[in-house]
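# Structure assessment
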Amino acid sequence: MKTFVNLVLGLFIVKAIVAAPSRQVRQTPGRYDASNYDVDLEKLNFEDQDIYEYEDELTIDEPQIEIGTLTPPVGEPLLPDEEVPLKPHTPVQSTGGSGVLGPDAQGDLPTCLLCTCLGGSVYCDDVKLETVPPLPKETTHFYARYNKIKKIHKSDFAEMNKLKRIDVTSNQITEIDEDALRSLPQLEELVVRDNKIRQLPELPNTMTLIDVSHNKLGGKGIKNEAFKDMNNLLYLYVTDNSLDHIPLPLPHTLRSLHLQNNNIQMMHEDTFCNLKDINYIRRSLEDVRLDANPINLSRTPQAYICLPRVPTGRLY
Ligand SMILES: *[C@@H]1O[C@H](CO)[C@@H](O)[C@H](O)[C@H]1NC(C)=O
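Residues numbered from 1 in each chain as written. Predicted model: local features only at pLDDT ≥ 70, side-chain atom pairs only at ≥ 80, totals over all residues. Heavy atoms only, no water.

## Quick notes on the side chain of Asn171
Inspection of the secondary structure puts Asn171 in the loop between β5 (165-167) and β6 (175-176). When its relative accessible area of 7% is taken as the criterion, Asn171 is described as buried. There is a polar contact of 3.0 Å between the side chain of Asn171 and the backbone nitrogen of Ile149. Only 3.3 Å separates the side chain of Asn171 from the backbone oxygen of Thr169, close enough to count as a polar contact. Apart from residues lying up to four places away in sequence, Asn171 is in contact with Ala144, Arg145, Tyr146, Asn147, Lys148, Ile149, Asp194 and Asn195. (Helix = DSSP H or I, 4+ residues; strand = E, 2+ residues; numbered from the N terminus. Buried < 20%, exposed > 50% of the residue type's maximum accessible area, 1.4 Å probe, protein only. Polar contact = N/O pair within 3.5 Å; in protein donor to acceptor, adjacent residues only side chain to side chain. Contact = heavy atoms within 4.5 Å.)

Below is the structure:
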């Protein structure tokens, strides 16, 4: 892993220096911000201290160019193939043969030069992305927080059969194509917090965590029975939207349901429990948040008898 990080960092620096003077526009690779990532880059032992100095020079006050505006001349690839050393043990290798740097976006940097690819994880936080970049086929975890992505298209994650987690927190997403995610066979975690999404797309039944908090989901933002067959779902976070009902039915596996600060006014006595079966216990659902909704929880006293804990919310 150390060797791989060194390799990527080294390439990253060398390419930027080589590429910069010969081009009319200068590119600034994505800044490293190790504190955001699961792997602490600082703790890795870099043999070549020069890397740090180069990196500092590169990232201080460099002019920032919008990714979408980069259009390298036709026939002159940014990174000629002979300059890219391929190591047989590199963790991320696309089947398309583009190697350690990941696939080339048309007219853009290779994804693993713009972003950081470590193992199956691709980190693209805060690099001014306006669209999802083409990802190496082996990607399991994709992070693109704090960017300017506006839409997630059907083609963005097509055939990403190993993808487990997508985190696009704090973008400008208004729309996710209805069929953009439903065919991902291993997707477990979708984090789309802090966007402008009006409609939750169809998701595969492999989901364990869905966080669509702080978006624009209204009364029709979540389809009927959207979570019905998600037999692994543990966490459903829909805080800060405009939902006017609790999405039903809730899978029995669910542990946390966060619906605070919505527009929920009504609840049925069998929203959580089963009125026909007095012995039914919903043991796992121990964290229900309904505060900051125009609902009076005291009106449905029978609705919580099967729960380990009464939901948080207005009880008077
Ligand atoms: C909430 O419901 C309870 C039980 O029906 C009722 O006594 C109470 O007045 C209601 N509170 C408000 C603010 O409507």
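## Concerning the state of the cysteines
By the definition in use, this model includes three disulfides. Covalent S-S linkage joins Cys112 and Cys117, the inter-sulfur distance amounting to 2.0 Å. Looking down the S-S bond of the Cys112 and Cys117 bridge, the torsion is -85 degrees, so its handedness is left-handed. Of the two residues examined, Cys112 and Cys117, each falls in the buried class. Each sulfur in the disulfide pair Cys115 and Cys124 lies 2.2 Å from the other. (Disulfide = S-S within 2.5 Å.)

## A look at the sheet that holds strand β2 (residues 121-123)
The nine strands lie next to each other as β1-β2-β3-β5-β7-β8-β9-β10-β11, forming an open sheet whose pairing is mixed. Each edge of the open sheet is held by one strand with a lone partner, namely β1 (116-118) and β11 (287-289). Sheet twist, expressed as the mean angle between neighbouring strand axes with direction ignored, is 5 degrees. Summarising the sheet, β1 and β2 pair through three bridges and their orientation is antiparallel. Paired with Cys117 across the strands is Val122, a residue of β2. (Pairing = 2+ DSSP bridges. Axes fitted to C-alpha atoms, helices over the stretch in contact; angles between N-to-C directions.)

## Digging into the site of the ligand
What surrounds the ligand is the set Asn296, Ser298, Arg299 and Tyr316. One of the side-chain nitrogen or oxygen atoms of Asn296 is found 2.3 Å away from an oxygen atom of the ligand. Protein contact buries 43% of the 360 Å² of open area that the ligand shows by itself. Grouping the constituent residues of the shell around the ligand by class yields one nonpolar, two polar and one charged. (Near = heavy atom within 4 Å. Areas by Shrake-Rupley, 256 points an atom, 1.4 Å probe, with all protein chains shown as cover. Nonpolar A, V, L, I, M, F, W, Y, C, P; charged D, E, K, R; others polar.)

## Side note on a positive patch on the surface
There is a patch of like positive charges on the surface, built from Lys150, Lys196, Arg198 and Lys216. Its place among the elements puts Arg198 in the loop between β7 (189-191) and β8 (209-211). (Patch = residues over 30% accessible without salt bridge, like charges linked within 9 Å, V, L, I, M, F, W, Y side chains within 5 Å. Salt bridge = Lys/Arg side-chain N within 4 Å of Asp/Glu carboxyl O. Lys, Arg positive; Asp, Glu negative; His and termini not counted. Charge placed at Lys NZ, Arg CZ, Asp CG, Glu CD.)

## Side note on unusual backbone geometry
At the junction of Leu248 and Pro249, the peptide bond is cis and its omega measures out at -10 degrees in the coordinates. Among the secondary structure elements, Pro249 is positioned in the loop between β9 (235-237) and β10 (256-258). At Asp126, a position not held by glycine, the phi torsion is positive, near 55 degrees. As for its position among the elements, Asp126 is in the loop between β2 and β3 (141-143). You can call Asp126 exposed: its relative accessible area is 53%.

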